[in-house]
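Fold and geometry: a report
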2 protein chains.
Amino acid sequence: MKKITVIGGGTGTYNLLLGLKQYDVSLSAVVTAADSGGSSGRLRDEFGVLPPGDLRRCLVALSENRGDIWRQIFEYRFEGENEKNNMGNLIITALTKITGDFPTAIEAAAELLEVKGQVVPATLDNVHLCAELENHQLVYGETNIDIPKHNPELKIKRVFLEPKAFAYKKAISAIMNSDLVVIGPGDLYTSIIPNLLVEGVVAALKVTEAKVVYVCNVMTKYGETNNFSASDFIKEIQRYSNQAIDHVILNTKRPSEESSQSYGQENSFFVKPDVSGDLKHVTKADLINDSILFRHDSKKLAKIIMEIKI
Amino acid sequence: MKKITVIGGGTGTYNLLLGLKQYDVSLSAVVTAADSGGSSGRLRDEFGVLPPGDLRRCLVALSENRGDIWRQIFEYRFEGENEKNNMGNLIITALTKITGDFPTAIEAAAELLEVKGQVVPATLDNVHLCAELENHQLVYGETNIDIPKHNPELKIKRVFLEPKAFAYKKAISAIMNSDLVVIGPGDLYTSIIPNLLVEGVVAALKVTEAKVVYVCNVMTKYGETNNFSASDFIKEIQRYSNQAIDHVILNTKRPSEESSQSYGQENSFFVKPDVSGDLKHVTKADLINDSILFRHDSKKLAKIIMEIKI
């Protein structure tokens, strides 16, 4: 059975896992835990647990719980005045307190959700994501970069973790024991690169015999990747991964006029699939599901990934 | 298989269910949902759901979930500044929103916890418990009676529900289809009698062919049952149940000096097992577990109940 490790966090990874789990593969998801906003951020502040949000979404994506009730509970979000937390995040927080540590809590949650595969945090260290902008301004905290509390016109010069973090051993094992490692899609600086900043992850990517694939985003994100074309995304990923990428997957389909307009209102634009010269392999294809939002179609993307020769 | 329905709420019922579930019996718990304090009360106020606390405790008592992780999650209580809710109550609240109604939520929770038997609310109506004191003062809300926000020296003249509530059909079915109905033990006015106030419950108790047993409390509760002996408890239960009780179980063992002192600090005293004359059957026995608190021993109590001829 093909062993695939996905590296990321956020909607892109959720979507990708939904596609890949349809195949007869052994799946691991290595997920950043540097979230500092929303329900995850509140629980992190109040209970000193690692932020559960990104891991929770991957668990839900890989859940095979037939009755579906656990998936629904894990995704439920209270809308009350005092109670705005996501239920899955609360359960993972409670499990962390009950079992005594975060990875055991994630494993217990995986058991409840009857998860196919495994979801592991990239690091167990309590870290914050920081960005240095082109004007040398420092932005502290993932949420302040993600939902820009800085001038979104300024380029992100670099991101780093504060303090330094070391990789969780199961994240390293997953990368080492895979046939294929898929990085992205997802927010470049706030979902994808944070995984690469964890000490040990890039080393594993360089050493593993797995083919390392990067799935480029299809739209830019204002305040993160303004005006980026595919080659800009690839340049950044290669820089942070120490040139570990073997294969790139690019989308060629352009958004409809309607999609373009709707994204344009958020200063988000189509990522042009200009090819970077240094890569051995590039797959270009129509990867889009444009029925609701212009984004990767989980089936099309999973199919392309499954066709990569290892 | 003997069919037993337990009527109550609170620790007494929890304890009794732990004992009875060791036997090969078909168990139902009919539980009041008039709670207005603590985590249940907050969720009730904020989300308009029925108060889940008493039902949750019965579900946990009847859980046969081997790994025990669900029991632990359902009993977990957050200790944060903003987050003081019980996790089981939150899950039942979320399930109520997801499934659309309270009894379906309780059934879903029962499935998750692998509950032996069933736990049903006495009523699905949104009611509050009220008390009239001997000085005609009205006290509104279960929590204000339970943790007296009134002069605890004043006797409770009567309790009633506001507005009037009708029995949930599954509560009636449980009573009708049982061989044995066990009322109590538990706080007389705040856990036990509220069930009898629901329109239809007393009628069912009068009509059912089940033997109806009352388990008398072993200690009085300050502000509720000051100076009550067993005959006072029985008198009140007979009054609210329209003389439906066939059989009474009384404890004879007195508390140790140490227990007496510790309860005495809370103005709580031993309930003397003086027998009421009108009853056909009274069982008197040592029913106590005095190892931690002076209260019913779940094994001893269950054994006595199982020995009652039906």
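Here the structure is a predicted model, which means the values were calculated and not measured.

Criteria and thresholds
Residues numbered from 1 in each chain as written. Chains lettered and ligands numbered in written order. Predicted model: local features only at pLDDT ≥ 70, side-chain atom pairs only at ≥ 80, totals over all residues. Heavy atoms only, no water. Helix = DSSP H or I, 4+ residues; strand = E, 2+ residues; numbered from the N terminus. Rg over C-alpha atoms; globule rule 2.2 N^0.38 Å. Contact = heavy atoms within 4.5 Å. Areas by Shrake-Rupley, 256 points an atom, 1.4 Å probe, with all protein chains shown as cover. Lys, Arg positive; Asp, Glu negative; His and termini not counted. Charge placed at Lys NZ, Arg CZ, Asp CG, Glu CD. Pairing = 2+ DSSP bridges. Axes fitted to C-alpha atoms, helices over the stretch in contact; angles between N-to-C directions. Least-squares fit on C-alpha atoms with pLDDT ≥ 70 in both. Salt bridge = Lys/Arg side-chain N within 4 Å of Asp/Glu carboxyl O. Buried < 20%, exposed > 50% of the residue type's maximum accessible area, 1.4 Å probe, protein only. Polar contact = N/O pair within 3.5 Å; in protein donor to acceptor, adjacent residues only side chain to side chain. Phe/Tyr/Trp six-rings, centres within 6.5 Å; stacked < 30°, edge-to-face > 60°. Buried area = accessible area lost by both parts, 1.4 Å probe. Nonpolar A, V, L, I, M, F, W, Y, C, P; charged D, E, K, R; others polar. Domains from an automatic or database assignment.

1. Brief notes about the overall build of chain A
Within chain A, the regular secondary structure consists of 13 helices and twelve strands. Its C-alpha atoms give chain A a radius of gyration of 18 Å, near enough to 19 Å, the size a compact globule of 310 residues would have. Each of the three principal axes of chain A carries a C-alpha extent, and together these read 50 × 45 × 40 Å. Summarising the internal contacts of chain A: among those between residues at least 6 apart in sequence, 72% fall at separations of at least 24. Summed over its atoms, the accessible surface of chain A is roughly 12800 Å², and 47% of this surface lies on carbon and sulfur atoms. Averaging the locations of the 35 positively and 39 negatively charged side chains of chain A gives two centres separated by 4 Å.

2. Notes on the sheet that holds strand β9 (residues 247-251) of chain B
All names here are of chain B. Pairing is parallel across the open sheet formed by seven strands, whose spatial order is β3-β2-β1-β7-β8-β9-β10. Each edge of the open sheet is held by one strand with a lone partner, namely β3 (118-121) and β10 (281-285). On average, each strand axis in the sheet is inclined to that of its neighbour by 20°, with strand direction left out of account. Relative to strand β2 (residues 26-31), strand β1 (residues 3-8) is paired through six bridges, and the arrangement is parallel. In the strand pairing of β2, K3 is matched with S26. Of the strands in this sheet, β1, β2 and β7 (180-183) touch helix α1 (residues 10-20), which is tilted by about 165° from β1.

3. Overview of unusual backbone geometry
The peptide bond linking E162 of chain B to P163 of chain B adopts the cis configuration, its omega dihedral lying at -10°. Mapped onto the fold, P163 of chain B is located in the loop between β6 (156-162) and α8 (169-176). Note that the residue after G184 of chain B, namely P185 of chain B, is joined by a cis bond; omega there is -5°. Relative to the helices and strands, P185 of chain B resides in the loop between β7 and α9 (188-196). Positive phi is not limited to glycine here, since Q243 of chain A has a value of about 60°.

4. Structural notes on the sheet that holds β6 of chain B
Residues and elements named next belong to chain B. Taken in spatial order, the three strands line up as β5-β4-β6 in an open sheet, and their pairing is antiparallel. Of all the strands in the sheet, the pair left with one neighbour each is β5 (138-140) and β6. On average, each strand axis in the sheet is tilted by 20° relative to the strand beside it, whichever way the strands run. For strand β4 (residues 128-133) and β5, the ladder comprises three bridges, and the chain directions are antiparallel. Bridging across to β5, E132 finds its partner in L138.

5. A few points about the relation of the copies chain A and chain B
The transform that puts chain A on chain B rotates by 180° and translates by 0.0 Å along the axis, for an RMSD of 0.0 Å. Taken together, the turn and the small shift mark the pair as related by a two-fold rotation axis. Same-surface contact between copies: 100% of interface residues of chain A are shared with the interface of chain B.

6. A few points about the pattern of salt bridges
Side chains that carry opposite charge are capable of pairing whenever their charged atoms lie near each other. Tallied over the entire structure, the rule returns 24 salt bridges over all chains. Measuring nitrogen to oxygen at the nearest pair gives 2.2 Å for the salt bridge that ties K221 of chain B to D146 of chain B. Taken together, the residues K221 of chain B in the loop between β8 (211-215) and α11 (230-240) and D146 of chain B in helix α7 (residues 142-146) connect sequence positions 75 residues apart. D187 of chain B serves as the salt-bridge partner of K221 of chain B, at 3.0 Å between the closest nitrogen and oxygen. Taken as a pair, K221 of chain B in the loop between β8 and α11 and D187 of chain B in the loop between β7 and α9 lie far apart in primary sequence, 34 residues in all. Linked through salt bridges whose partners overlap, the residues forming this network are D146, D187, K221 and E224 of chain A.

7. Quick look at the environment of D68 of chain A
All names here are of chain A. Here D68 is to be found in the loop between α3 (53-62) and α4 (69-75). Accessibility expressed as a relative area gives 29% for D68, which makes it partly exposed. Note: C-alpha distance between D68 and L113 (45 residues apart in sequence) is 8.7 Å. At a separation of 3.2 Å, a polar atom in the side chain of D68 contacts the side chain of R71.

8. Examining the side chain of T96 of chain B
Residue and element names in this part refer to chain B. Following the sequence through the fold, T96 ends up in helix α5 (residues 87-99). A relative accessible area of 11% means that T96 is categorised as buried. Contacts of T96, omitting those with residues within four sequence positions, involve V49, D101, F102 and A105.

9. Quick notes on the side chain of D297 of chain B
Residues and elements named next belong to chain B. Considering the arrangement of structural elements, one finds D297 in the loop between β12 (295-296) and α13 (298-307). Nearest to the buried, unbridged D297 among oppositely charged side chains is K300, at 5.3 Å. Within polar-contact distance, the side chain of D297 engages the backbone nitrogen of K300 at 2.9 Å. Residues contacting D297, with those up to four places away along its chain left out, are L287, I288 and N289.

10. A closer look at the packing of aromatic side chains
Going through the model one piece at a time under the given rule, you end up with eleven aromatic pairs over all chains. Between W70 of chain A and W70 of chain B the ring centres are 3.9 Å apart and the planes differ by 10°, which places this aromatic pair in the stacked class. One end of the pair, W70 of chain A, is in helix α4; the other, W70 of chain B, is in helix α4 (residues 69-75), on a second chain. The same class applies to W70 of chain A as to W70 of chain B, namely buried. Centre to centre, the rings of F228 of chain B and F233 of chain B are 5.3 Å apart; their planes meet at 80°, and the pair counts as edge-to-face. The two residues F228 of chain B and F233 of chain B agree in class, both being buried. Three or more aromatic residues joined by ring pairs form one cluster here, namely W70 and F74 of chain A together with W70 and F74 of chain B.

11. Overview of the interface of chain A and chain B
Between chain A and chain B, the contact holds 24 residues from the first and 24 residues from the second. A combined buried area of about 2100 Å² lies between chain A and chain B, and 77% of that area is made up of carbon and sulfur atoms. Where chain A meets chain B, there are zero salt bridges. Contributing elements (two or more residues each) for the side of chain A that touches chain B: α2 (38-47), α4 and α5 (87-99) of chain A. No other element matches α5 of chain A, which puts nine residues into the side of chain A that touches chain B. For the side of chain A that touches chain B, the residue count by class is 13 nonpolar, six polar and five charged.

12. Structural notes on the domain arrangement of chain A
Residue and element names in this part refer to chain A. Here the domain parsing of chain A yields domain 1 (34-121) and domain 2 (123-306). The interface of domain 1 with domain 2 comprises twelve residues on the first partner and 14 residues on the second. Surface buried jointly by domain 1 and domain 2 totals about 1100 Å² across both partners, of which 55% is contributed by carbon and sulfur atoms. If you sort the residues of domain 1 by the area they bury against domain 2, A34, R44 and P121 come out on top, with a joint share of 39%.

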